[in-house]
Amino acid sequence: MAEVGVIFGGPSPEHDVSVLTGLQAARELASSLGHTVHGLYWSKAGDWFEVASTLEASDFTDGTPPSAQPLRLVVGTAGGFTGESKRLGRGRPLELSAVVICCHGGPGEDGSLQGALDLAGIRYTGPTAAGAALGMDKLAFQGAVTAAGLPALSRRLLTPDTTDVGFPGPYIVKPRFGGSSIGIEVVHDLDAARLLLANSVHLANGAILEPYRSDFYDLQVAVRSWPKLEVSAIERPLRTKRAGGAAGEPEILGYADKYVGGEGMVSAPRELPALLTGELQDQLEKAAVTVAEISGVRGVARVDFLSDGGELMVNEINTIPGSLARYLWVDPVVPFAALLQDLLDEAESRPAQRLSSAGADGSVLKGASSIAAKLA
């Protein structure tokens, strides 16, 4: 059996959910597949630690567990995750065949981590750096979707100077770069949207506006790329009223609906498989395949849609979904252990990045004049 790593946590608002997903994956890799598993915990402060794969969620309640051993992520030909050594400055890199990325949101899902692992020569599961960046940028993703001819809600950039977006309120305000439902609010007009932009920490890196459609509900489906492109059963997540919410308050699928149940997305209320007409199901599955192709899906992703039972709109893609979307694979049935092993097989057989300097043969440098002359 292989020695593998599981990366979880990270400096992200979804840190806690990432811990749940990582511990689930680490436990399954060890118990069902017999792999030697190295827990690679990424702290809220951005530091790296090796932790036992048998730890529980409660061990991370106060942050880094006391038993954690410091690590460093080193890039270069001799790079990798290395332990600290007082005598030598650093220890030998962990011998890992691949790592399973279980980070949601933030630098774990926006391509930053993927780029670092590429430079360190570490094979990993999930999206490439480019695919992760596209999935995290809601404005760029919507542009790619509409360019492919798929239906999507209007989506506009929100700035302090925005005065007209081309459609009336109420509006949904979302972080432009975000991996979950954190920071999403419904507002009635642009004045409220700009006020939210000025005061919400979740919108500090940018925000977008969409029309709020009370007649739409959520539909979600998982796609995986190995051993072939495959689509899961379709779910309809169930929304709950906010505690103390007033009658008629807008309903959206919130963070609590998705995750506050102790097991990540596994315990969220849902209709699975969703009760859809054959025509709508066929349309959604075809659209999900198209989204997977234009996004360069690698590993397991979840594609989210909005629908009123007839009309269908692409909403977003989650390139590293909560619990790795394992709960959606009921038709066809894919056990969690098989899902994880396929992720590892893809990581080893189809690396996310192959760095190359082909074409850099020195001919441009040989014929170049002095740098001083170029600056004159």
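Everything below is about the structure shown above.
Figured I'd write up the structure that's included with this text. It should be emphasised that the depicted structure is a prediction, and the values quoted were computed from it without experimental measurement. (Residues numbered from 1 in each chain as written. Predicted model: local features only at pLDDT ≥ 70, side-chain atom pairs only at ≥ 80, totals over all residues. Heavy atoms only, no water.)

As for the overall build of the chain
From N to C terminus, the chain includes ten helices and 15 strands. When its C-alpha atoms are laid out on the principal axes, the chain stretches across 65 × 65 × 40 Å. Taking the contacts inside the chain whose residues are at least 6 apart along the sequence as the reference set, 66% of them involve residues at least 24 apart. Each charge class in the chain was averaged separately, 31 positive and 44 negative side chains, and the resulting centres sit 6 Å apart. (Helix = DSSP H or I, 4+ residues; strand = E, 2+ residues; numbered from the N terminus. Contact = heavy atoms within 4.5 Å. Lys, Arg positive; Asp, Glu negative; His and termini not counted. Charge placed at Lys NZ, Arg CZ, Asp CG, Glu CD.)

Some thoughts on the sheet that holds strand β15 (residues 312–318)
The strand order β13-β12-β11-β14-β15 describes an open sheet built from five strands, whose pairing is antiparallel. Strand pairing shows two members of the sheet lacking a second neighbour, β13 (270–271) and β15, which therefore form its edges. (Pairing = 2+ DSSP bridges.)

Re unusual backbone geometry
In this model, Leu272 is joined to Pro273 through a cis peptide bond whose omega is -5°. In this chain, Asp331 is followed by Pro332 through a cis amide linkage whose omega measures 5°. Within the chain, Leu324 stands out as a residue other than glycine whose phi angle is a positive 55°. Assignment of secondary structure puts Leu324 in the loop between β15 and α8 (336–349). Residue Leu324 is classed as buried on the basis of its relative accessible area, which comes to 4%. Of note in this structure, Ala325 is not a glycine but carries a positive phi near 55°. By relative accessible area, which is 0% here, Ala325 ends up buried. (Buried < 20%, exposed > 50% of the residue type's maximum accessible area, 1.4 Å probe, protein only.)

A look at the side chain of Glu235
Mapped onto the secondary structure, Glu235 falls in strand β12 (residues 230–237). Since its relative accessible area comes to 1%, Glu235 is described here as buried. Side-chain polar atoms of Glu235 contact the side chain of Gln220, separated by 2.7 Å. At 2.6 Å, the side chain of Glu235 forms a polar contact with the side chain of Arg270. (Polar contact = N/O pair within 3.5 Å; in protein donor to acceptor, adjacent residues only side chain to side chain.)

Some details on a nonpolar patch on the surface
A cluster of nonpolar side chains, Val75, Leu119 and Leu355, forms an exposed patch at the surface whose accessible area comes to about 300 Å². By the secondary structure assignment, Leu355 is in the loop between α8 and α9 (363–366). Among the residues examined, Leu355 registers a relative accessible area of 60% and is labelled exposed. (Patch = residues over 30% accessible without salt bridge, like charges linked within 9 Å, V, L, I, M, F, W, Y side chains within 5 Å. Areas by Shrake-Rupley, 256 points an atom, 1.4 Å probe, with all protein chains shown as cover. Salt bridge = Lys/Arg side-chain N within 4 Å of Asp/Glu carboxyl O.)

Quick look at helix α3 (residues 129–136)
Of the positions making up α3, those classed as buried are Gly131, Ala132, Gly135 and Met136. Within α3, the buried residues cover an arc of 130° as seen down the axis, which keeps them to one side. On the buried face of α3, the contacting elements are α2 (112–120), α4 (138–147), α7 (278–295) and β15. (Arc of directions from axis to C-beta.)

Comments concerning the packing of aromatic side chains
In the structure shown here, the tally under the stated rule is six aromatic pairs. Centre to centre, the rings of Phe8 and Tyr41 are 5.8 Å apart; their planes meet at 45°, and the pair counts as tilted. Separated by 33 residues along the polypeptide, Phe8 in strand β1 (residues 3–9) and Tyr41 in strand β2 (residues 36–42) bring together distant segments of the chain. Tyr41 carries the same exposure label as Phe8, and that label is buried. Look at Trp42 and Trp48: their rings are 4.8 Å apart centre to centre, the planes differ by 10°, and that puts the pair in the stacked class. Trp42 sits in the buried class, given a relative accessible area of 9%. Look at Trp48 and you get buried, because its relative accessible area is 10%. The structure contains a cluster of three or more aromatic residues connected by ring pairs, namely Phe8, Tyr41 and Phe60. The ring of Phe336 has Arg326 lying over it, and the distance from NZ or CZ to the ring centre is 4.9 Å. (Phe/Tyr/Trp six-rings, centres within 6.5 Å; stacked < 30°, edge-to-face > 60°. Lys NZ or Arg CZ within 6 Å of the ring centre and 35° of its normal.)

Notes on the pairing of strand β6 (residues 98–101)
Taking every second residue as pointing to the same face, both faces of β6 are buried, with Ala98 and Val100 on one and Val99 and Ile101 on the other. As paired elements, β1 and β6 share four bridges and run parallel to each other. Note on β6: the bridge partner recorded for Val4 is Ala98.

Some words on the side chain of His15
In this fold, His15 is placed in helix α1 (residues 15–31). Not counting residues within four places of it along the chain, the set of residues in contact with His15 comprises Gly9, Gly10, Tyr41, Trp42, Ser43 and Lys44.

A closer look at the pattern of salt bridges
Following the criterion strictly, the structure yields 13 salt bridges and no others. One connected set of salt bridges, linked through shared partners, spans Arg155, Lys174 and Glu210.

Some remarks on the packing of α1 against α8
Geometry of a packed helix pair, given as the angle between the helix axes and the separation of the axes. Contact pair α1 / α8: the axes reach a minimum separation of 10 Å and the direction vectors enclose 95°. In terms of orientation, α1 lies roughly perpendicular with respect to α8. Where α1 approaches α8, its residues Gln24, Ala25, Glu28 and Leu29 are matched on the opposing element by Phe336, Ala337, Leu340 and Leu344. (Axes fitted to C-alpha atoms, helices over the stretch in contact; angles between N-to-C directions. Parallel < 35°, antiparallel > 145°, perpendicular 65-115°, else oblique.)

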